[in-house]
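Chain by chain, the residues run as shown.
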Amino acid sequence: MSGISIVYIAAAVCSLLMLVAYCVFIKKKFAWFWVLFSSICVVNVGYFALSISKTLDEALLANRIAYLGSVFLPISMLLIILNATDLHHPKWLWIPLVCLGAVVFFVAASPGYLDIYYKEVSLITQNGITVLDKVYGPWHIIYLFYLLGYFIAMITAAIQATVKKKIASAAQTVMLLGAVFVNICVWAIEQFVKIEFEFLAVSYIISELFLIGLYVMIQENERRIELARQEALMQQTQENKTNNAYEPQIEKEVLDAFNRGIIELTHTEKLIYDLYVCGKSTKEVLAEMNIKENTLKYHNKNIYGKLGVSSRKELKAIAKYIAD
């Protein structure tokens, strides 16, 4: 077995171990991380199988396996970035992305059946490993535009997150940009330099580490905010117990609508709601969330609408009533 094949095995094992570590150590899990880890494993298994293939049919099958992971990997990366930075996007966005990815995969998997992706393909051995000698067909450019489109989308998301101050620290910015640019650089090099080894196998794992680092940092920041909120709520509850002032009764329908609205709040809206309940002022909320006043007004409109209240005072009054 060649050294390159061993590297592919090591990359696949490494990505599998990272998936296990994610399952064990990350408490708040995100489904698209599962897709990311699985895709990287599939890619590296495909690269390894291709490197040891003995026949053209085996090599084409291995090539399809590698493309299966490569096509769905950028979808998971983009959705992880959008979720981690809390950038507004439709919840159903993943549906058309997956459908598009399936179409691109079937095009990339067509060699051996059609000549639209590869006009000609044969099996050759170089330095002890098997590679495909390909003449690209007219539809090969679809995959290139597919990857380029995702790179542009991820860069745009990173820029928006930075401009809108969705990222709380410079370290998080580095993590986000690193996850994107490491793949762009490797992909660009492979387009112009003929290299036997698929360096994307390694760059994908590096991107994985960047994204995990970003996600852990954001979760830690949210944990600190949650601890501060809980401490403030405990203090408020203690004060309520010692306060015997009369509290007016609130209709059950209002309470039910309020409780349903809390469930419908987005992650950012819930954080703002919790800060309001803790008695934070507008200035303190802006500083805590690291957002602008217009952005806060936009969130306020959504929060009040979902909770069925017309003001922050009414929101706090009902929240206090429920807590009591």
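For clarity, every value in this text was computed on a predicted model and none was experimentally measured. The numbers attached to residues start from 1 for each chain and follow its sequence in the written order. Only residues with pLDDT of at least 70 are given local features in this predicted model, and only at 80 or more are side-chain atom pairs given and counted; all residues enter the totals for whole chains, interfaces and linings. Just so you know, side-chain values use all the structure's heavy atoms and leave hydrogens and water out.

**Student:** Account for the pattern of salt bridges, with residues named and values stated.
**Tutor:** Salt bridges are defined as contacts in which a side-chain nitrogen from Lys or Arg sits within 4 Å of a carboxyl oxygen from Asp or Glu. If you walk through the whole model with that rule in mind, you get two salt bridges. For Glu269, the salt bridge goes to Lys306, with nearest N and O atoms at 2.8 Å. Residue Glu269 is located in helix α9 (residues 267-277), and its partner Lys306 is located in helix α11 (residues 293-307); the two are separated by 37 residues in the primary sequence. The partner of Asp274 in a salt bridge is Lys270, and the shortest N-O contact between them spans 2.9 Å. Of this pair, Asp274 and Lys270 both sit in helix α9, four residues apart, which is roughly one turn of the helix. Three exposure classes are used, based on accessible area relative to the maximum for each residue type with a 1.4 Å probe and protein chains only: buried under 20%, partly exposed in between, and exposed over 50%. Here Asp274 falls in the buried class, since its relative accessible area comes to 5%. By relative accessible area, which is 28% here, Lys270 ends up partly exposed. Under the scheme used here, helices are H or I runs from DSSP no shorter than 4 residues and strands are E runs no shorter than 2 residues, and both carry numbers assigned from the N terminus.

**Student:** Explain the layout of surface pockets residue by residue, including any values.
**Tutor:** Here the term cavity refers to a set of points on a 1 Å grid, laid over the protein atoms alone, in which a 1.4 Å probe fits but cannot get out; the term pocket refers to an open set having protein on both sides within 12 Å along at least five of seven lines, with lining residues being those that place an atom within 4 Å of a point. Grid points are joined across faces, edges and corners, and a volume is the space filled by probe spheres set on the points. Looking at the largest pocket, its volume works out to about 1,300 Å³. Along the wall of the largest pocket there are 48 residues; nearest its centre are Asn83, Asp86, Leu87, His267 and Thr268. Put simply, the parts of the chain that give the lining of the largest pocket at least two residues each are α3 (56-84), α7 (200-241), α9, α10 (282-289) and α11. Per-element tally for the lining of the largest pocket: the top contributor is α7, with six residues. Class assignment for the residues of the lining of the largest pocket results in 21 nonpolar, 14 polar and 13 charged. Residues are grouped as follows: Ala, Val, Leu, Ile, Met, Phe, Trp, Tyr, Cys and Pro are nonpolar; Asp, Glu, Lys and Arg are charged; all remaining types, including Gly, are polar.

**Student:** Lay out the pairing of strand β1 (residues 118-126) in plain terms, naming residues and giving numbers.
**Tutor:** Two strands pair under a simple rule: DSSP has to find at least two bridges between them. Pairing analysis gives eight bridges linking β1 to strand β2 (residues 129-136), with the strands arranged antiparallel. Bridge assignment links Ile124 to a residue of β2, and that residue is Val131. The antiparallel pairing of β1 with β2 creates a hairpin that spans two residues between the two strands, and Asn127 there sits at a positive phi of about 55°.

**Student:** Tell me about the nonpolar core, and name the residues and values.
**Tutor:** In this structure, Phe33, Leu36, Ile75, Tyr143, Tyr146, Met154 and Leu211 are the most contacted members of the largest nonpolar core, which totals 57 residues. Counting residues per element, this core draws most heavily on α3, at 13 residues. We call two residues in contact whenever any of their non-hydrogen atoms come within 4.5 Å of each other. Setting aside anything within four residues of it in sequence, one finds Leu36 in contact with Leu73, Ser76, Met77, Ile80, Glu208 and Leu211. Here, the term nonpolar core denotes a set of buried Ala, Val, Leu, Ile, Met, Phe, Trp, Tyr and Cys residues that are joined through side-chain atoms within 4.5 Å. Ranked by size, the runner-up nonpolar core spans 23 residues in total, among them Phe258, Val285, Ile291 and Val309.

**Student:** Mind laying out helix α4 (residues 94-108), listing which residues take part and the relevant values?
**Tutor:** The α-helix advances 3.6 residues per turn, and as a result positions three or four apart in sequence lie on the same side. Here the expected length of a helix is defined as 1.5 Å per residue gap, with one fewer gap than residues. Taking 1.5 Å per residue, 15 residues should reach 21 Å; α4 reaches 21 Å between its end C-alpha atoms and fits that length. Within α4, burial applies to Leu97, Gly101, Val104, Phe105, Val107 and Ala108. The buried residues of α4 occupy an angular sector of 155° when the element is viewed end-on, so they sit on one face. Exposed side of α4, more than 90 degrees from the buried face: Val103 and Phe106 are the residues found there. The secondary structure elements touched by the buried residues of α4 are α3 and α5 (140-163). Arc definition: directions from the helix axis to the C-beta atoms.

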